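# Structure at a glance
These are the residues of each chain, in order.
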Amino acid sequence: MDYQTVLEEIFEEIKPFVSKGKIADYIPALAQVPLEKFGMAVQVLKGNTFFVGDALESFSIQSISKAYTLILALQLIGEGNLLKRIGREPSGNAFNSLVQLEYENGIPRNPFVNAGALVLADIILSHTKDASQTILDFVRELSDNQNIHVDVKVAESEKQAGFRNAALANFLKSYGNLENDVEKVLDVYFHQCALSMSCVDLCQSFSTLANHGQFPLSGKQILTPSQAKRINALMLTCGTYDAVGDFAYRVGLPGKSGVGGGIAAFIPGRLSITAWSPGLNKSGNSLAGTLALEWFTTKTGMSIF
Ligand code: GLN
């Protein structure tokens, strides 16, 4: 398959759609990112990487970070303990819904809604000396890039405007589903969301999930194949929020999106693929990014279905 040609075709055809979405300006620092950015990368498992546009430029990964903290939390406390505190069903609601958390008595629907990710941050805080450093080190290892950093301006900006997340964390605390101080949990969460990575970094890091839990560069088993299967299933059913049905229908891949406009997806056993375009659709997923992934699976005839 000539991936480079496919990516270049998509890069040309996507141009009219790139500025159609809306930037996540509820995090003021993200409002500064130019709407016209677009990058896309494909990394073939144990093979070459192909990319177009702004695929080497770092951007705010936001909720894509929840994939990494889910892996870490699973490693730290195991599946049985994790599932006592977080569910595994699609939310059908916005990623920052408060009402759902209340009527489900403080048990987040899944690890990828904000409430679920706050519980993951709490677990990492309880079981490591420095949660934010642990997350950063892990992401650097998975991406094979020691230069990955947290954009502290973005973290600070989200903290200043993070009233909904503060409300979710306080709700969780009132239901006894946070062990640590609300402030500390929010701090870890805002820092993980502010990780700055490129499409190529994301492809490398997601190749472990595509490779049944084994880091392809060293052969190190990060997750058991069974754990990787479960995380991948969660991404397919919960990774793009209340648009997850539409995403599965159109793109046909497990993946994780973030309000920075990134989407990281993969075909198990085959490749990882990422797209970045900061303009979002109304569910908070990249509008052009989703379209680009849809065109990739349509043009190549490759998906998980
Ligand atoms: N930091 C963002 C928030 O909490 C992450 C949301 C997202 O990327 N969907 O609102």
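A few points on the structure. Not measured: the values here are computed from a predicted model.

### Things to note about the pattern of salt bridges
Inspection of every chain in the model, using the stated rule, returns 12 salt bridges. Among the ionic pairs, K220 bridges to E141, the shortest N-O distance being 2.8 Å. Of this pair, K220 sits in the loop between α9 (199–210) and α10 (225–238) while E141 sits in helix α5 (residues 131–143); the two residues are 79 residues apart in sequence, bridging distant segments of the chain. Across the salt bridge formed by D246 and R250, the nearest N and O atoms sit 3.0 Å from each other. With D246 and R250 both in helix α11 (residues 244–250) and four residues apart, the pair spans about one turn of that helix. Residues joined in a network through salt bridges with shared partners are E9, E13 and K299.

### With respect to the sheet that holds strand β3 (residues 59–60)
With respect to topology, three strands assemble into an open sheet ordered β3-β5-β4, the strand pairing being antiparallel. In this open sheet, the two edge strands, each paired with only one partner strand, are β3 and β4 (149–150). Bridge count for β3 against strand β5 (residues 195–197) is two bridges, and the pairing is antiparallel. Following the sheet pairing, S60 is matched in β5 by S196.

### Regarding α9
Between its terminal C-alpha atoms α9 stretches 16 Å, which fits the 16 Å expected from 12 residues at 1.5 Å a residue. A large share of α9 lies buried, amounting to 11 of its 12 residues. By the burial criterion, the buried members of α9 are C199, D201, L202, C203, Q204, S205, F206, S207, T208, L209 and A210. One or two steps after α9, the chain reaches H212, where phi turns positive at roughly 55°.

### Focus: the packing of helix α7 (residues 163–174) against helix α8 (residues 182–193)
Relative to each other, α7 and α8 sit at 135°, their axes nearing to 10 Å. With respect to each other, α7 and α8 are oriented oblique. Taken as a pair, α7 and α8 cross one another with a handedness that is right-handed. Each of N165, A166, A169, N170 and K173 in α7 lies in contact with α8, whose residues at this interface are V182, L186, Y189 and F190. Looking at the contact of α7 with α8, its residues break down into six nonpolar, two polar and one charged.

### Some remarks on the sheet that holds strand β7 (residues 262–267)
Spatially, β2-β1-β8-β7-β6 is the arrangement adopted by the five strands of the open sheet, whose pairing is antiparallel. Each of the sheet's edge strands pairs with one partner strand only, and the pair in question is β2 (49–53) and β6 (255–257). Each neighbouring strand pair of the sheet contributes to a mean axis angle of 10°, computed without reference to strand direction. For β6 and β7, the ladder comprises three bridges, and the chain directions are antiparallel. Paired with K256 across the strands is A264, a residue of β7. Each of β1 (39–44), β7 and β8 (271–276) is contacted by helix α12 (residues 287–300), which is oriented at about 145° to β8, the strand it contacts most.

### Quick look at the site of the ligand
Y26, Q62, S63, E158 and Y189 are the nearest of the 13 residues found near the ligand. Within the contact set of the ligand, a nitrogen atom lies 2.7 Å away from a side-chain nitrogen or oxygen of E158. Here Y241 contributes a side-chain N or O atom positioned 2.8 Å from a nitrogen atom of the ligand. Within the complex, 99% of the 300 Å² of free accessible area of the ligand lies under protein.

About the criteria used
Residues numbered from 1 in each chain as written. Predicted model: local features only at pLDDT ≥ 70, side-chain atom pairs only at ≥ 80, totals over all residues. Heavy atoms only, no water. Salt bridge = Lys/Arg side-chain N within 4 Å of Asp/Glu carboxyl O. Helix = DSSP H or I, 4+ residues; strand = E, 2+ residues; numbered from the N terminus. Pairing = 2+ DSSP bridges. Expected span 1.5 Å × (residues − 1). Buried < 20%, exposed > 50% of the residue type's maximum accessible area, 1.4 Å probe, protein only. Axes fitted to C-alpha atoms, helices over the stretch in contact; angles between N-to-C directions. Parallel < 35°, antiparallel > 145°, perpendicular 65-115°, else oblique. Left-handed = near helix turned anticlockwise from the far one by under 90°. Contact = heavy atoms within 4.5 Å. Nonpolar A, V, L, I, M, F, W, Y, C, P; charged D, E, K, R; others polar. Near = heavy atom within 4 Å. Polar contact = N/O pair within 3.5 Å; in protein donor to acceptor, adjacent residues only side chain to side chain. Areas by Shrake-Rupley, 256 points an atom, 1.4 Å probe, with all protein chains shown as cover.

Everything listed here is a matter of coordinates, which is why it stays silent on function.
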